[in-house]
Amino acid sequence: MNLLSKNIFISLILALIPAACFADWELNLPRGVTPFSQDIYDLHMYVLWIVCAIGVVVFGAMFYSIFVHRKSRGAKAANWHHSTKVEVLWTVIPFAILIAVAVPATKSLIMMEDVSNADMTIKVTGYQWKWHYDYIGEDVSFYSTIHKDSNIARQRGAELDPFDVDHYLRDVDNYLVVPTNKKIRFLTTAGDVIHAWWVPALGWKRDAIPGFINESWALIQEPGVYRGQCAELCGKDHGFMPIVVEAVPEADYLAWIAKKTEEKALVINDSKALDQMNSIVLTEAKKINSGE
Amino acid sequence: MSEVATHHHDDHHGAHATGIMRWLTTTNHKDIGTLYLLFSLVMFFIGGTMAMIIRLELFQPGLQFVDPQFYNSMVTMHALIMIFGAVMPAWTGFANWMIPMMIGAPDMALPRLNNWSFWILPFAFTMLLSTLFMPGGAPAGGWTMYPPLVLQTGDAFPFLIFAVHFMGASSIAGAINVVATVFNMRAPGMTLMKLPLFVWTWIITGFLLIASIPVLAGAVTMLLTDKFFGTAFFSAAGGGDPVMFQHIFWFFGHPEVYILILPAFGIVSAIIPTFARKPLFGYSSMVYATGAIAFLSFIVWAHHMFTVGMPLAGELFFMYTTVLIAVPTGVKVFNWVATMWQSSMTFETPMLFALGFVILFTIGGFSGLMLGVTPVDFQYHDTYFVVAHFHYVLVTGAVFALMAGAYFWMPKWTGHMYNETLAKWHFWLSVISVNVLFFPQHFLGLAGMPRRIPDYAVQFADFNMVSSIGGLGYGISQILFVIIVVKCIRGGEKATDEVWEGAQGLEWTLSSPPPYHSFTEAPDPESITGGHR
Amino acid sequence: MSKSNITYSNADYYVPDSSRWPLIASVSIFAMFVGGATLLNGANIGPYVLSAGFILFVYMLFGWFGDVIAESEAGTYNGQVDVSFRMGMAWFIFSEVMFFAAFFGALYYARMYSIPWLGGAGSGGATNEFLWPEFASAWPLFNTPDSYGFTQFKEVIGAWGVPFWNTLILLTSGVTCTWAHWGLKIGSRKHLIAGLSVTVILGIIFVAMQAEEYRHAYHALGLTLNSGIYGATFFLLTGFHGFHVTMGTIMLATILARCIKGHFTHENHFGFEACAWYWHFVDVVWIGLFIFVYWV
Ligand code: HEA
Ligand code: HEA
Ligand code: CUA
Ligand SMILES: [Cu+2]
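Here is a short report on the structure shown in this document. None of these values were measured; they are calculated from a predicted model.

Some points on the packing of helix H1 (residues 21–40) of chain C against helix H2 (residues 46–73) of chain C
All names here are of chain C.
Line of reasoning, step 1. Contact geometry for H1 and H2: axes closest at 7 Å, N-to-C directions at 155°. Between H1 and H2, the angle falls in the class roughly antiparallel. Of the two elements, H1 crosses H2, and the hand of that crossing is left-handed.
Line of reasoning, step 2. Along the lines of polarity and charge, the residues of the contact of H1 with H2 split into 18 nonpolar, 7 polar and 1 charged.

Written out as structure tokens, the structure is:
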């Protein structure tokens with residue numbers, strides 16, 4: 001027994017060493033900024049501790065016999081090879097543990113699948129290799145592609161060093177701006193192959209499947225910039241279609257929407273003006289050609 | 001022909017060819033087993049070289065060595081070659097060598113079919129590897145071949161599909177042979193509940209193969225017709241669904257992962273009692289647990305697709321069935337530990353690999369269990385956490401068990417002891433480097449690194465570098481294995497028939513190396529005490 | 001170790017000599033695959049390689065089965081080999097069942113899930129609203145979500161025409177096959193050959209009617225492989241079945257030829273039985289097709 005506890009002690013120390021020296025490295029899931037992501041984080045830690053505990057028991061027993069029941073220490077082998085009692089026991093106990101895992105997991109899942117009563121809807125469409133965002137009910141929609149610095153640095157033999165780029169491979173030209181504390185319904189789909197829209201801070205990823213729409217939701221509690229990327233192999237530039245979500249207070253969001261709507265109107269007006277000019281030029285040209 | 005063959009069987013079949021023709025046309029289970037094992041070793045090195053290219057590119061952020069498209073090809077080919085070329089043929093090789101000897105038979109039930117199932121493989125893999133040189137490059141859509149992406153493959157596409165058909169035919173033929181052998185060729189007195197566990201796990205594996213590989217064949221056939229004949233199985237525009245492919249694929253794919261691990265359970269169940277000098281604990285519960293795992297493996301497939309947007313009821317169902325697999329697998333792990341308890345252990349290389357297997361496979365099982373919890377899998381899915389999970393079960397699981405089995409039976413096969421010192425080096429180098437290689441990948445995944453990317457954000461740089469260093473170490477360590485095998489074939493200390501002090505089972509009653517036709521006379525029924533003593 | 005009184009010998013166990021046929025089989029299939037693949041990729045040599053492979057394959061079939069038949073007729077096989085063959089065939093048929101299961105699964109999935117979802121049922125609400133607002137779920141699916149690139153069809157093949165007659169034909173052929181078996185078992189060559197001939201003829205009629213049905217579907221109804229998921233499942237299921245019937249007919253014809261030559265005895269006729277099993281399997285698959293593809 002003495003040895004057993006010593007083993008457990010040693011393995012715990014060993015487990016802590018990496019944690020200590022990699023203190024500033026990211027080692028774990030982010031807690032995230034939605035109620036759902038925090039549930040998931042808790043569930044993750046809960047299951048992790050359970051398996052660690054089982055591991056300590058199982059590996060502890062194993063190391064104990066490795067040290068104690070070795071021939072070189074003169075151990076004599078017993079001859080028993082059956083015991084219905086313990087076999088039932090170690091069928092039933094894991095089963096009970098699994099139920100203890102399944103119950104909270106079921107609760108979280110039910111909550112996550114409930115997309116009703118959303119305050120707003122954003123349609124996300126994946127393309128090779130960019131994202132398109134569509135604010136349903138607003139006149140705002142745009143593409144979002146990898147930021148040009150990252151795009152330069154990622155080329156083979158690039159002069160620019162990835163370490164010199166801010167948010168290398170995690171930055172885009174147009175951010176997805178959303179309000180905080182609103183239940184946002186996301187509709188994910190794709191235009192060519194399957195992609196997956198994933199921002200870890202929101203707590204989930206969802207496949208974007210051509211021809212079908214998947215629904216998910218998020219309610220972001222803290223303003224901030226959250227980064228993620230495509231999480232389903234979608235061809236050569238799969239690694240290069242990042243996602244950036246900027247959560248801002250509602251007032252700022254509304255201002256942003258207004259600005260975007262206006263910009264779009266301007267663009268449309270501009271193109272109308274351009275069309276008019278073109279047709280004037282054309283008619284003039286015709287006139288000249290026909291010698292008038 | 002002689003009435004009662006009391007003399008050596010070779011005399012009847014002295015006609016067997018020599019030289020290269022011997023290997024091309026052989027119907028002998030040992031020859032075919034050897035072919036399988038050598039083939040799988042070659043494939044392990046080819047697939048491993050691809051893994052080294054992957055790790056090399058991931059050594060640092062930024063693209064240094066390969067283009068993204070080629071990187072994706074390497075990932076895809078690495079997986080296909082390791083699974084279909086290295087691990088599966090290795091298990092069939094073990095089955096060929098050992099099963100007739102373990103059940104007291106002269107050979108396999110269908111020897112010519114046996115030759116065929118091997119001689120498909122070099123051709124199938126020639127087809128697959130030739131795609132590396134084709135316009136548009138080798139397949140790059142992942143080993144899971146999801147449409148629509150895989151339909152963008154260039155000239156390689158039909159070669160990929162036909163290569164999968166071809167390997168599938170080989171696996172099915174091999175599996176049928178094993179099942180027929182075990183059910184039909186057992187020596188008198190070798191009842192089912194006396195079968196060594198390796199044989200048991202292999203029949204159940206055989207059943208999984210026969211039931212699941214044809215489904216893969218169907219799935220890739222639909223890909224082929226979608227690409228070339230205008231069908232719309234996987235296109236929403238025509239009323240189909242890309243996700244339908246995933247369902248069909250994983251209906252094959254999940255049983256497939258147990259195909260890769262069940263024989264490993266069998267080998268470990270043979271090795272631990274031998275070096276513990278104590279009977280295996282809970283023989284019959286081992287058999288039932290294997291059966292339960294096999295059954296469950298057919299109803300858990302959608303745990304690979306929790307994020308595709310299944311209805312809630314589906315997600316719950318697949319979560320429950322998935323975590324349930326922990327129960328029978330746990331029974332196995334506990335039984336192994338109980339076998340060690342109050343035993344008298346020694347630690348020769350097969351035992352070391354087996355013990356490494358028990359611990360590291362269990363760690364892989366634990367991460368599997370975490371993945372099975374649907375809401376959390378929404379975070380884990382398609383990250384390096386998954387990559388870490390499956391390399392723990394595949395490399396420190398399946399491959400470690402293969403190594404254990406190879407060291408365990410190599411003296412029987414060759415008649416020589418391998419070099420124990422070198423082998424211990426092989427184990428210790430492997431077990432350390434493999435953890436350096438794959439353990440940090442858990443952290444990478446949790447921190448948000450997706451899988452199947454050639455380049456990554458800089459916060460992942462440190463762990464990737466550690467992992468690549470481990471990868472290089474693990475790769476180089478495997479060269480030791482080849483050296484040991486070659487030395488052992490060439491010569492070495494003469495092995496006794498029993499080889500290991502605690503060895504149990506019919507294969508150890510034959511000479512080392514065994515005669516060309518294993519049991520030309522059925523062994524004494526009295527001497528058959530069963531794999532569990 | 002005491003000697004047991006059971007010994008293996010050639011009388012008990014038979015390990016065939018080394019054989020070149022498996023290797024030739026692999027080479028021929030390899031050639032067919034490579035030829036087929038290059039053909040699909042549009043290369044000119046494709047058809048030649050494919051045909052060469054096919055010829056070699058047929059040669060191999062004659063050679064391999066020829067060897068087996070010769071060995072069997074020479075009495076080299078014993079009860080144990082026979083059982084091995086039986087198990088091999090049974091498990092092979094099981095693997096074929098699983099192959100069909102994949103296609104039945106696809107049909108089930110399309111009808112129960114993907115089409116209703118596209119039409120807005122269940123979790124498909126947003127899918128229908130945003131992507132396919134015009135689309136209504138239906139089976140047979142005359143109007144695919146997007147008609148572009150798909151062949152529209154006017155009508156499907158109803159269950160109670162040709163398919164019904166084909167069902168009767170196959171069921172009858174199952175009976176005649178059993179009739180032949182019975183003839184073999186009582187040692188009546190007359191019954192055997194008559195039963196088997198009728199079975200083969202019924203098989204040929206079935207394939208012919210199926211071919212005519214396909215022609216009708218393509219030309220008159222516009223139902224093709226390219227007619228969305230309906231055409232895809234219809235033609236792949238019935239097509240693979242038709243292919244299996246063709247193979248089964250060829251197998252039975254071979255057996256018929258062997259019977260005429262006087263092969264098989266009333267207790268030793270595994271070759272016959274294997275083909276009969278295969279034929280019954282093809283029959284059962286057809287019942288599934290009739291119910292799920294044509295009828296409901
Ligand atoms: C040998 C192969 C092998 C094996 C044995 C397993 C075993 C398991 N796997 Fe794994 N898996 C793969 C190979 C394998 N897997 C591969 C290749 C992939 C990726 C495919 C791809 O996408 O490319 C994958 C992916 C994968 C996923 C999908 C992840 C994702 O993509 O999001 C999931 C999710 O549920 C999963 C779960 C499991 C579970 C629950 C087990 C269980 O069988 C594990 C059971 C074992 C234990 C739990 C440990 C021992 C038990 C005890 C000591 C008892 C007590 C324990 C408890 C009560 C917890 N696996
Ligand atoms: C049985 C199956 C098996 C085995 C044995 C392995 C073995 C290894 N795998 Fe593999 N792997 C898979 C199955 C397997 N893998 C699967 C299914 C995937 C998913 C694919 C997909 O996403 O579609 C995958 C994906 C995968 C990835 C993820 C790629 C990505 O998502 O982008 C990585 C990255 O590190 C990796 C690494 C390795 C390494 C380093 C080994 C090592 O263990 C290999 C060690 C062996 C050798 C190295 C060969 C021996 C030695 C030499 C050749 C000598 C020369 C050596 C040097 C030059 C050092 N594998
Ligand atoms: Cu888009 Cu990966
Ligand atoms: Cu699985």
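Some points on the coordination of the iron atom of ligand 1
Residue and element names in this part refer to chain B.
Line of reasoning, step 1. Coordination of the iron atom of ligand 1 by the protein comes from a single atom, His-389 (NE2), at 2.2 Å.
Line of reasoning, step 2. In this structure, the iron atom of ligand 1 lies 4.5 Å from the copper ion (ligand 4).
Line of reasoning, step 3. Secondary-structure assignment places His-389 in helix H13 (residues 384–414).

Regarding the nonpolar core
Line of reasoning, step 1. Of all hydrophobic cores here, the largest spans 364 residues; its most connected members are Tyr-135 and Trp-197 of chain A.
Line of reasoning, step 2. Looking at this core, the element that brings in the most residues is helix H3 (residues 68–103) of chain B, giving 23 residues.
Line of reasoning, step 3. Setting aside its immediate chain neighbours within four residues, Tyr-135 of chain A contacts Met-120, Thr-121, Ile-122, Val-140, Phe-142, Leu-176, Val-177, Tyr-253, Trp-256 and Ile-257 of chain A.
Line of reasoning, step 4. Residues Ile-146, Ala-153 and Leu-169 of chain A together with Leu-63 of chain B belong to the second largest nonpolar core, which totals 7 residues.

What about the site of ligand 2?
All names here are of chain B.
Line of reasoning, step 1. Close contacts around ligand 2 come from 36 residues, with Arg-55, Tyr-71, His-78, His-391 and Arg-452 the closest.
Line of reasoning, step 2. Residue Gln-441 places a side-chain N or O atom 3.5 Å away from an oxygen atom belonging to ligand 2.
Line of reasoning, step 3. Contact distances for ligand 2 include 2.6 Å between an oxygen atom and a side-chain N or O atom of Arg-452.
Line of reasoning, step 4. At the level of elements, helix H2 (29–57), H3, H13, helix H14 (420–447) and helix H15 (461–490) are the ones that each hand at least two residues to the shell around ligand 2.
Line of reasoning, step 5. It is H2 that provides the largest number of residues to the shell around ligand 2, a total of 8 residues.
Line of reasoning, step 6. Of the residues belonging to the shell around ligand 2, the class tally is 25 nonpolar, 8 polar and 3 charged.

What to know about the coordination of the iron atom of ligand 2
All names here are of chain B.
Line of reasoning, step 1. Taken together, the protein ligands of the iron atom of ligand 2 are His-78 (NE2) and His-391 (NE2), with distances of 2.0 Å.
Line of reasoning, step 2. Relative to the metal, the 6 donor atoms surrounding the iron atom of ligand 2 lie at angles of 88 to 180°, and the coordination shape comes out octahedral. One end of the pair, His-78, is in helix H3; the other, His-391, is in helix H13, and 313 residues separate them in sequence. Here the two residues His-78 and His-391 agree in accessibility, since each one is buried.

Some remarks on empty space enclosed by the protein
Residues and elements named next belong to chain B.
Line of reasoning, step 1. For the structure shown, the criterion picks out 8 cavities of 30 Å³ or more.
Line of reasoning, step 2. Roughly 140 Å³ of internal volume is contained in the second largest cavity.
Line of reasoning, step 3. What lines the second largest cavity is a set of 17 residues, among which Met-88, Pro-89, Thr-92, Ser-170 and Ser-171 lie closest to the centre.
Line of reasoning, step 4. Looking at the lining of the second largest cavity, the elements that each hand over two or more residues are H3, helix H4 (111–130), helix H5 (156–184) and helix H6 (197–228).
Line of reasoning, step 5. Of the residues that constitute the lining of the second largest cavity, the class distribution is 12 nonpolar, 5 polar and no charged.

Thresholds, definitions, all that
- Residues numbered from 1 in each chain as written.
- Chains lettered and ligands numbered in written order.
- Predicted model: local features only at pLDDT ≥ 70, side-chain atom pairs only at ≥ 80, totals over all residues.
- Heavy atoms only, no water.
- Axes fitted to C-alpha atoms, helices over the stretch in contact; angles between N-to-C directions.
- Helix = DSSP H or I, 4+ residues; strand = E, 2+ residues; numbered from the N terminus.
- Parallel < 35°, antiparallel > 145°, perpendicular 65-115°, else oblique.
- Left-handed = near helix turned anticlockwise from the far one by under 90°.
- Nonpolar A, V, L, I, M, F, W, Y, C, P; charged D, E, K, R; others polar.
- Donors = N, O, S within 2.8 Å, 3.2 Å for Na, K, Ca; no water.
- Core = buried A, V, L, I, M, F, W, Y, C linked by side-chain atoms within 4.5 Å.
- Buried < 20%, exposed > 50% of the residue type's maximum accessible area, 1.4 Å probe, protein only.
- Contact = heavy atoms within 4.5 Å.
- Near = heavy atom within 4 Å.
- Polar contact = N/O pair within 3.5 Å; in protein donor to acceptor, adjacent residues only side chain to side chain.
- Tetrahedral: all angles 85-135°; square planar, octahedral: opposite > 155°, others 65-115°.
- 1 Å grid on protein atoms, 1.4 Å probe; cavity = no way out; pocket = protein on both sides within 12 Å on 5 of 7 lines; lining within 4 Å.
- Points joined across faces, edges and corners; volume = space filled by probe spheres on them.

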